[in-house]
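Spelled out, the chains give:
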Amino acid sequence: MDYSQFLMMPQELGLLAVVLLVFLYDLFMPKTTQRYLPLFACVAFGIYTVATSLNVVTGSAFSGMYESNQATFAIKVILNIGALIVLIQSAKWANSEFVSVRRGEFYTLLLITLFGMDFMISARHFLLFVIGLETASLPLAALVAFDKNHYESHEAAVKYMFTAIFSSAIFMLGLSFVYGIGGSLYFDDLFLAVSASMSPLLIIALAFVVAGVGFKLSLVPFHLWTADVYQGAPTAVTSYLSVISKGAAAFAFFAILTQVFGCVYETAWEWMLYALIILTITLGNLFAIRQKNLKRFLAFSSISQAGYIMLGVVACSELGLASLMLYVLIYIFSNLAAFGVIQAVEMNSGKVSMDDYNGLYQTNPKLSFAMTLAMFSLAGIPPFAGFFSKFFIFSSALQSGSVALYVLVLIALINTIVSLYYYLLVVKAMFINPNDQPIAAFKSHVSERIAIFVCVLGIILIGLASCIYAWLVESAAQFV
């Protein structure tokens, strides 16, 4: 075996080194220094993120099972940025009384899930893809159950575990059909095999694969676990699950459709995928309107956002992939800003209901301002970054010029108006709704302030920095 092939995986090897450093720190450092573990993890991961972002390594390894190019590099950098923000946000929670004894496990499990997602992104063989998928999924179940003193956390973990098991089983059943048709698990070989013959078994196989990945993306009708898991899991875990996991799954979905099932998708599944997107955006919006718990509210919001992300997938083009990556990047900053405020309020008052936020501006104007910017960005209000992400994702979807895509984008635009209504409900609660006893004024932890500030900065500036989109288009050109 040529061990020099591992040099093609600098991001995975660097992340593995960070995991080992955090594990060794937690295992051997004296108890008096254990409270600095969150700081150590953030610094180590920050150095890793910067170091691996400076040089792009391209090529393939392990007989073509693993591939690194500028597009996979870009999406990994985007996920690293989101993971770093989550690590910073969670510092106070990790040092809290009930979590501090297990803080090492939190950081180790979280980074291992990211390690698995990196494998998913670079996989060009379904065996490596499944290894990455399970490496990402199983530790997340433990993270969802991390708050073992709360029944809701246990319930959420059970639901997530069963969902992960069944979705993986469905996905691998589809892969067994694909292997029976093509005689290989390499993406390139399967693309040639499925292009040569169209059969009912192949269409069924694609249905199972779409269902398996749809569970990870929370697409309707595979979304029913999302709200309960988001509500029951610790807020730090929910924020990670809502953005990092979703971004990796979206890129993997794009890779599978374009590099394996392209011809089958266009002839047999295109309209069904359009229907899934419409249902996902519409039902996510309608159920979000009814929510009072803010974590459930953002859960249904994330379901709707998954539908918008899928517009980049159906575009099946360079601009589609670039718009998808830009959407994920902006969604990371917008959603983590909202979860940062929720976590700060929850840590200091224990309140997560929208009614509890009535009059929040009177006592905590800075947090109210940050939450308002997050809601405006998620709704796509200009000039914030969310507007540009929706503009580019709609533009990429319309490039094919088909009537069906025009109708799809029109329905998505109408749903944007619906989403504007429920996002503004949060703003109305903070600034307009009266409350004689609003949440008392408090000073959030320095780590929470840093994370929220970074997210607000991203919401304001990323949409205006055209160089980012140009870089993503250049990266996508080497993938599609």
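So, how was this worked out
Residues numbered from 1 in each chain as written. Predicted model: local features only at pLDDT ≥ 70, side-chain atom pairs only at ≥ 80, totals over all residues. Heavy atoms only, no water. Helix = DSSP H or I, 4+ residues; strand = E, 2+ residues; numbered from the N terminus. Buried < 20%, exposed > 50% of the residue type's maximum accessible area, 1.4 Å probe, protein only. Contact = heavy atoms within 4.5 Å. Areas by Shrake-Rupley, 256 points an atom, 1.4 Å probe, with all protein chains shown as cover. Lys, Arg positive; Asp, Glu negative; His and termini not counted. Charge placed at Lys NZ, Arg CZ, Asp CG, Glu CD. Phe/Tyr/Trp six-rings, centres within 6.5 Å; stacked < 30°, edge-to-face > 60°. Lys NZ or Arg CZ within 6 Å of the ring centre and 35° of its normal. Core = buried A, V, L, I, M, F, W, Y, C linked by side-chain atoms within 4.5 Å. 1 Å grid on protein atoms, 1.4 Å probe; cavity = no way out; pocket = protein on both sides within 12 Å on 5 of 7 lines; lining within 4 Å. Points joined across faces, edges and corners; volume = space filled by probe spheres on them. Nonpolar A, V, L, I, M, F, W, Y, C, P; charged D, E, K, R; others polar. Axes fitted to C-alpha atoms, helices over the stretch in contact; angles between N-to-C directions. Parallel < 35°, antiparallel > 145°, perpendicular 65-115°, else oblique. Left-handed = near helix turned anticlockwise from the far one by under 90°. Disulfide = S-S within 2.5 Å. Polar contact = N/O pair within 3.5 Å; in protein donor to acceptor, adjacent residues only side chain to side chain.

Draft legend 1. Spatial organisation of the overall build of the protein. A count of helices and strands for the protein gives 20 helices and two strands. Dimensions of the protein, computed from the C-alpha atoms along their principal axes, are close to 70 × 55 × 45 Å. Across the 480 residues of the protein, 59% fall into the buried class. Nonlocal contacts in the protein, meaning residues at least 24 apart in sequence, comprise 80% of its contacts between residues at least 6 apart. Within the structure as shown, the protein displays about 18,300 Å² of accessible surface, and the carbon and sulfur contribution to it stands at 70%. If the 21 positive side-chain charges of the protein are averaged to one point and the 23 negative ones to another, these points end up 12 Å apart.

Draft legend 2. Representation of the packing of aromatic side chains within the structure. Tallying each qualifying case throughout the model produces 27 aromatic pairs. Both rings, one in Phe-45 and one in Tyr-48, keep their centres 5.4 Å apart while their planes meet at 50°; by these two values the pair is tilted. With a gap of three residues between them, Phe-45 and Tyr-48 both fall in helix α2 (residues 37-52), about one helical turn apart. On the basis of relative accessible area, Phe-45 is assigned to the buried category, the value being 0%. For the ring pair Phe-392 and Tyr-469, a centre distance of 4.0 Å and an interplane angle of 15° mean the geometry is stacked. Placement of the pair is Phe-392 in helix α17 (residues 385-397) and Tyr-469 in helix α20 (residues 466-477), with a sequence separation of 77 residues. The rings of Phe-387, Phe-388, Phe-391, Phe-392 and Tyr-469 are connected pair by pair, giving a single aromatic cluster. Lying across the ring of Phe-146, Arg-102 places its NZ or CZ 5.0 Å from the centre. Residue placement shows Lys-390 over the ring face of Tyr-308; its charged tip is 4.8 Å from the ring centre.

Draft legend 3. Local environment of the nonpolar core. Ranked by size, the top nonpolar core spans 175 residues in total, and within it Phe-171 and Met-375 carry the most contacts. Top contributing element to this core by residue count: helix α14 (residues 318-349), with 20 residues. Sequence-distant contacts of Phe-171, that is, excluding residues within four places in its chain, are made with Phe-126, Phe-129, Val-130, Leu-133, Phe-208, Val-209, Gly-212, Val-213 and Ile-256.

Draft legend 4. Structural detail: the layout of surface pockets. Volume-wise, the largest pocket comes out at about 450 Å³. Lining the largest pocket are 21 residues, and of these Trp-93, Asp-147, His-150, Pro-234 and Glu-346 lie nearest its centre. Elements with a minimum of two residues in the lining of the largest pocket: α10 (226-232), α11 (235-259) and α14. The element best represented in the lining of the largest pocket is α14, accounting for three residues. Of the residues assigned to the lining of the largest pocket, the class counts are eight nonpolar, nine polar and four charged. Reported here for the second largest pocket is a volume of approximately 380 Å³. As for the second largest pocket, its lining consists of 15 residues, and the residues nearest its centre are Lys-366, Leu-367, Ser-444, Arg-449 and Ile-452. Among the elements that take part in the lining of the second largest pocket, helix α16 (residues 365-379) stands out by supplying five residues, more than any other.

Draft legend 5. The arrangement of the packing of α14 against α17 in detail. One can describe the packing of α14 onto α17 by two numbers: an axis separation of 9 Å at closest approach and a directional angle of 160°. As summarised for this structure, α14 and α17 are arranged roughly antiparallel, according to the angle between their axes. Considering the relative orientation of α14 and α17, their crossing is left-handed. Residue-level inspection shows Leu-319, Gly-320, Ser-323, Leu-324, Leu-326, Tyr-327 and Ile-330 of α14 in contact with α17, the latter providing Ala-385, Gly-386, Ser-389, Lys-390, Phe-392, Ile-393 and Ser-396. Broken down by class, the residue content of the contact of α14 with α17 amounts to eight nonpolar, five polar and one charged.

Draft legend 6. Fine view of the state of the cysteines. According to the stated counting rule, one finds zero disulfides in the structure shown. The closest cysteine sulfur to the non-disulfide-bonded Cys-455 is located on Cys-42, 13 Å from its own sulfur. Here Cys-467 stays unpaired: no disulfide links it, and the sulfur of Cys-455, its closest cysteine neighbor, is 19 Å away.

Draft legend 7. The arrangement of the side chain of Asn-335 in detail. Mapped onto the elements of the fold, Asn-335 is located in helix α14. Residue class for Asn-335 comes out buried when judged on its relative accessible area of 0%.

Draft legend 8. Region of the structure containing the side chain of Ser-368. Its location among the elements puts Ser-368 in helix α16. Here the side chain of Ser-368 touches Asn-364 through a polar contact of 3.0 Å, landing on its backbone oxygen. Setting aside residues no more than four positions away along its own chain, Ser-368 makes contact with Leu-360, Tyr-361, Met-430 and Phe-431.

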